[in-house]
Each structure stands twice: as C-alpha cells, then as structure tokens.
Amino acid sequence: MKLAYPAIFEHFIEDGEEGYTVEFPDLKGCVTEGFNQAEAIFMAEDAASGWILGELEEGDSIPKPSDISTIKIPADGFVSMIALDMDTYSEKYGKKAVKKTLTIPAWMNTYVETHGISCSKVLQDAVSNIIQSVG
C-alpha cells in the first residue's frame, strides 16, 4: 500500500543546534526532526510509516490525507508531501501477523502448488490494493 501525507517542516535554531522539526497534521502526535532537510525528510518518512503501521496493527482506521493547499505554512517553514511504502515498511518492522484460513477450489490449489504461488502473498497484495483504492 502506497500512501502520501502532507508534512509541515519548520526550521529551528536552538542552543547552537540547527535543523527542521516535522509534524503531520493528519497523524496526531507524529512529530520528528532532522539536522538538515534531507535528514528531516527521511525521518519524516520513518515516523509517519511507524505511526500508520501502529494504527493498522491495532485495527484502527487511518486518516485521509489533507489537501496540501489547505495547510497553514509557518513563517520559517514549508509543506511537502511524504510518500510512504507501507508494504516495504511493514515487511521490515511489522510485528503482528494473523493467521487466516483460506478456502479455494481443489483445481486452483493444484495450480498454485504446481507454480509455487503463495496464497498469503496474493491475498496481502489484493487487500493492500483494495485499501489503497478506498483510501
């Protein structure tokens, strides 16, 4: 599942340190920072992906992203969309797996076994596509 959320980047200088704070208006409490713009972008992707994964693993719905044009830009900042690849992130960091029983016709089972097709992977991809299209 691929998602994109607007993030507010705000430049800061505090106690001799400089960087960017990143906040997601749609992901309550999801805040991170980086020492420069590139690091802040990578940190933002990781923070938002972790936030979304937590919601999904708890069975909660995820919020729809706001229209970037409606976000108030701070005087010393900017707004940018952050792309999230939840399939890749959850493969690496996801902790929960739920076993589901699958019923398919015998001929189909023979086909998938003969061709080395993973029914779990097919189901995950299909559900991910449905979630993304509804999103």
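Shown above is the structure to which this text applies.
This write-up is about the structure you can find in this document. Small disclaimer: the values here were computed from a predicted structure and weren't measured.

Scoring rules and cut-offs
Residues numbered from 1 in each chain as written. Predicted model: local features only at pLDDT ≥ 70, side-chain atom pairs only at ≥ 80, totals over all residues. Heavy atoms only, no water. Buried < 20%, exposed > 50% of the residue type's maximum accessible area, 1.4 Å probe, protein only. Helix = DSSP H or I, 4+ residues; strand = E, 2+ residues; numbered from the N terminus. Pairing = 2+ DSSP bridges. Salt bridge = Lys/Arg side-chain N within 4 Å of Asp/Glu carboxyl O. Axes fitted to C-alpha atoms, helices over the stretch in contact; angles between N-to-C directions. Contact = heavy atoms within 4.5 Å.

### A closer look at the pairing of strand 3 (residues 31-34)
Step number 1: Burial along strand 3 is one-sided: the face carrying Thr-32 and Gly-34 is buried and the face carrying Val-31 and Glu-33 is not.
Step number 2: Pairing between strand 2 (residues 17-23) and strand 3: four bridges, direction antiparallel. Note that in strand 3 the partner of Tyr-20 across the bridge is Gly-34.

### Topic: the pattern of salt bridges
Step number 1: Counting across every chain of the model gives two salt bridges.
Step number 2: Lys-2 is paired through a salt bridge with Asp-85; the nearest N and O atoms lie 3.1 Å apart. Highlighted residues: Lys-2 in strand 1 (residues 2-14) and Asp-85 in strand 4 (residues 77-85), separated in sequence by 83 residues.
Step number 3: The exposure class assigned to Asp-85 is partly exposed, which follows from its relative accessible area of 24%.
Step number 4: Two residues, Lys-121 and Asp-125, come together in a salt bridge whose shortest N-O distance is 2.9 Å. Of this pair, Lys-121 and Asp-125 both sit in helix 4 (residues 119-134), four residues apart, roughly one helical turn.
Step number 5: On the accessibility criterion, Lys-121 (39% relative accessible area) is partly exposed.
Step number 6: A residue is classified by how much of its surface remains accessible, and Asp-125, at 33% relative accessible area, is partly exposed.

### Some details on the sheet that holds strand 4
Step number 1: If you walk across this open sheet you meet the four strands as 3-2-1-4, and the pairing is antiparallel. In the strand order of this sheet, the two ends are held by strand 3 and strand 4, each with one partner. Averaged over all neighbouring strand pairs, the angle between strand axes comes to 35 degrees, with direction disregarded.
Step number 2: Each of strand 1 and strand 4 is contacted by helix 2 (residues 86-93), which is oriented at about 70 degrees to strand 4, the strand it contacts most.

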